[in-house]
Amino acid sequence: MTACSDTPPQVESKQTDRLLEEIKERGEIRIGTEGTYKPFSFRDEKTNELTGYDVDVAREVAKRLGVKASFVETPWDAMMTGLKTGRFDTVANQVGITEERKKTFDFSDPYTISYAQIVVHEDNDTIKGIEDLKGKRAGQTPTSNYGKMAKEAGAEIVAYEDMMSSMRDLAAKRVDASINDRLAIAEMMKAVDLPLKTVGEPFEKSEMAFPVPKGNEDLVREINKALEAMRRDGTLSKISRKWFGEDVFRP
């Protein structure tokens, strides 16, 4: 997948504590995103414009920082490496806050709180919950939270770059199940006619936020200020309800 036409070339990783200053100097914040993860980050079928919940939130944060949002479309499994090496300054792609990631990145306050959900073919009556994934083939992006959940449950991971590819193969019975975000699954099932169903209750609460390279506390603080202002003035609720009909940033 290629980046947007206005995306600057890849650069070396930045010295810590200066990233906010550099963003202000260049007048833009570079944001990694998939562009294939509906309804969070995707291309509108009619206009081909990048849109989605994460894209709208990131654009508003950039606006409140006084800079332009410049998106760099990147497959998920290269996303965190791209952030670490300085290809972009942050990521807007439902990045869950985990202890492992906190070793390398600092995180803003959460702007989404959601849960995992298991999807199977509509003919499948053997998988009813995560305990049934042991020995089954799970279609996942391997480095995602959901890929790790499936692996820990004993599933054999079949790697995919994006959720829709795994869902189409699940519909074709090339894999047995997939774990993903409940919000993304609900949107997918509304938009695409595939012989799939969810099983079990949503589980494993996740908090999603903007990660930045470790040591850039000034940038985290400014992003948090923007998010808090968006909560107070109703902007975050407006964006959330536009995409989901509910406030997904609340527990």
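Every chain is numbered on its own, with residues counted from 1 as its sequence reads. Only residues with pLDDT of at least 70 get local features here, since the model is predicted, and only at 80 or more are side-chain atom pairs given and counted; chain-wide, interface and lining totals rely on the full set of residues. Note that water and hydrogens are dropped before the side-chain values are worked out from all heavy atoms of the structure.

## Details of the overall build of the chain
Just so we agree on the cut-off: A run of DSSP states H or I qualifies as a helix once it reaches four residues; a run of E qualifies as a strand once it reaches two. Both are numbered from the N-terminal end. Using C-alpha atoms as the atom set, the radius of gyration is obtained and then compared with a globule rule of 2.2 Å times the number of residues to the power 0.38. Partly exposed residues are those whose accessible area sits between 20% and 50% of the maximum for their type, while under 20% is buried and over 50% is exposed, using a 1.4 Å probe and protein chains only. Residue contacts are counted whenever heavy atoms from the two residues lie within 4.5 Å of one another. Computed with a 1.4 Å probe, the accessible areas rest on the Shrake-Rupley method; for each residue, only the protein chains presented here act as cover. Positive residues here are Lys and Arg, negative ones are Asp and Glu, while His and the chain termini are left out of the count. Charge positions are represented by NZ for Lys, CZ for Arg, CG for Asp and CD for Glu.
A tally of regular secondary structure across the chain gives nine helices and 14 strands. Here the chain has a C-alpha radius of gyration of 18 Å; the compact-globule value for 251 residues is 18 Å, and the two agree. By the burial criterion, 55% of the 251 residues in the chain qualify as buried. At a minimum sequence separation of 6, the contacts of the chain that also span at least 24 residues come to 70%. Counting every atom, the chain has about 11,800 Å² of accessible surface; 46% of that belongs to carbon and sulfur. Of the side-chain charges in the chain, 39 are positive and 45 negative, and the distance between the mean point of each set is 1 Å.

## Digging into the packing of aromatic side chains
As a reminder, the rule being used: Classification of ring pairs uses Phe, Tyr and Trp, with its six-membered ring standing for Trp, and accepts pairs whose centres are within 6.5 Å; under 30 degrees between planes counts as stacked, over 60 as edge-to-face, and the remaining range as tilted.
Counting across every chain of the model gives six aromatic pairs. Taken together, a centroid distance of 5.2 Å and an interplanar angle of 70° make the contact between Tyr53 and Phe244 edge-to-face. Highlighted residues: Tyr53 in helix 2 (residues 53-65) and Phe244 in helix 9 (residues 235-244), separated in sequence by 191 residues. With respect to burial, Tyr53 and Phe244 carry one shared label: buried. Here a set of aromatic residues connected by ring pairs shows up, and it is made of Tyr37, Phe40, Tyr53, Tyr111, Phe210 and Phe244.

## What to know about empty space enclosed by the protein
Short version of the rule: In this analysis a 1.4 Å probe is tested at points of a 1 Å grid over the protein atoms alone, and where it fits but cannot get out there is a cavity; an open set with protein on both sides within 12 Å along at least five of seven lines is a pocket; lining residues have an atom within 4 Å of a point. Grid points are joined across faces, edges and corners, and a volume is the space filled by probe spheres set on the points. Only Asp, Glu, Lys and Arg are considered charged, only Ala, Val, Leu, Ile, Met, Phe, Trp, Tyr, Cys and Pro nonpolar, and every remaining residue, Gly among them, polar.
Enumeration over the complete set of coordinates arrives at two cavities of 30 Å³ or more. If you add up the space inside the largest cavity, you get close to 230 Å³. Every residue lining the largest cavity is counted, 21 residues in all, and those nearest its centre are Tyr37, Thr141, Ser144, Tyr146 and Asn180. Elements with a contribution of two residues or more to the lining of the largest cavity: strand 10 (137-140), helix 5 (145-152), helix 6 (163-171) and strand 12 (177-181). Element by element, the count of residues in the lining of the largest cavity is highest for strand 12, at four residues. Taken together, the residues of the lining of the largest cavity sort by class into six nonpolar, 11 polar and four charged. In this structure, the second largest cavity spans a volume of roughly 40 Å³. Along the walls of the second largest cavity sit Ile29, Ile31, Ala58, Val61, Ala62, Thr90, Phe210 and Ile223, which together make up its complete lining. Contributing elements (two or more residues each) for the lining of the second largest cavity: strand 1 (28-33) and helix 2. Partitioned by chemical class, the residues of the lining of the second largest cavity number seven nonpolar, one polar and no charged.

## What to know about the sheet that holds strand 4 (residues 50-51)
Sheet strands line up and pair through hydrogen bonds in the backbone, either parallel or antiparallel. Rules: Paired strands are those between which DSSP finds at least two bridges.
Pairing is antiparallel across the open sheet formed by three strands, whose spatial order is 2-3-4. Edge strands, defined here as strands with exactly one partner in the open sheet, are strand 2 (36-37) and strand 4.

## Concerning helix 7 (residues 182-191)
Going by this rule: In protein, a polar contact means a hydrogen-donor-capable atom and an acceptor-capable atom, both N or O and within 3.5 Å, with residues adjacent in sequence counting only if both atoms are side-chain atoms; elsewhere, any N or O pair within 3.5 Å suffices.
Within the span of helix 7, buried status applies to Leu183, Ala184, Ile185, Glu187 and Met188. Against the buried residues of helix 7 lie strand 2, strand 9 (112-121), helix 6, strand 12, strand 13 (196-209) and helix 9. The backbone nitrogen of Leu183 lies 2.7 Å from a side-chain oxygen of the residue at the head of helix 7, namely Asp181.

## Points about the packing of helix 6 against helix 7
Stated precisely, the cut-off is as follows: Angles shown run from 0 to 180 degrees and are taken between the N-to-C directions of axes, each axis being a line fitted to C-alpha atoms and, for helices, limited to the stretch in contact. Each angle gets one of four labels, with under 35 degrees taken as roughly parallel, over 145 as roughly antiparallel, 65 to 115 as roughly perpendicular, and the rest as oblique. Crossing handedness follows the turn of the near helix against the far one: under a right angle anticlockwise gives a left-handed crossing, and clockwise gives a right-handed one.
Interaxial distance between helix 6 and helix 7 falls to 12 Å at its minimum, and their mutual angle equals 60°. Of the possible angle classes, the one that applies to helix 6 and helix 7 is oblique. Handedness of the crossing formed by helix 6 with helix 7: right-handed. Where helix 6 abuts helix 7, its residues Met163, Met164 and Met167 lie against Ala184, Ile185 and Met188.

## Some words on the pairing of strand 13
Bridge count for strand 7 (residues 95-96) against strand 13 is two bridges, and the pairing is antiparallel. Note on strand 13: the bridge partner recorded for Val95 is Ala209. In the sheet, strand 9 pairs with strand 13 via eight bridges, with the strands oriented antiparallel. Across the sheet, Ile118 pairs through a bridge with Val199, a residue of strand 13.

## Considering the packing of helix 2 against helix 8 (residues 217-232)
In the contact formed by helix 2 and helix 8, the axes pass within 9 Å of each other and the chain directions differ by 110°. Comparing their axes, helix 8 and helix 2 come out roughly perpendicular. As helix 2 runs across helix 8, the sense of the crossing is right-handed. When helix 2 is examined against helix 8, the residues Val57, Glu60, Val61, Arg64 and Leu65 are found in contact with a partner set consisting of Glu222, Ile223, Ala226, Leu227, Ala229 and Met230. Classifying every residue of the contact of helix 2 with helix 8 gives eight nonpolar, no polar and three charged.

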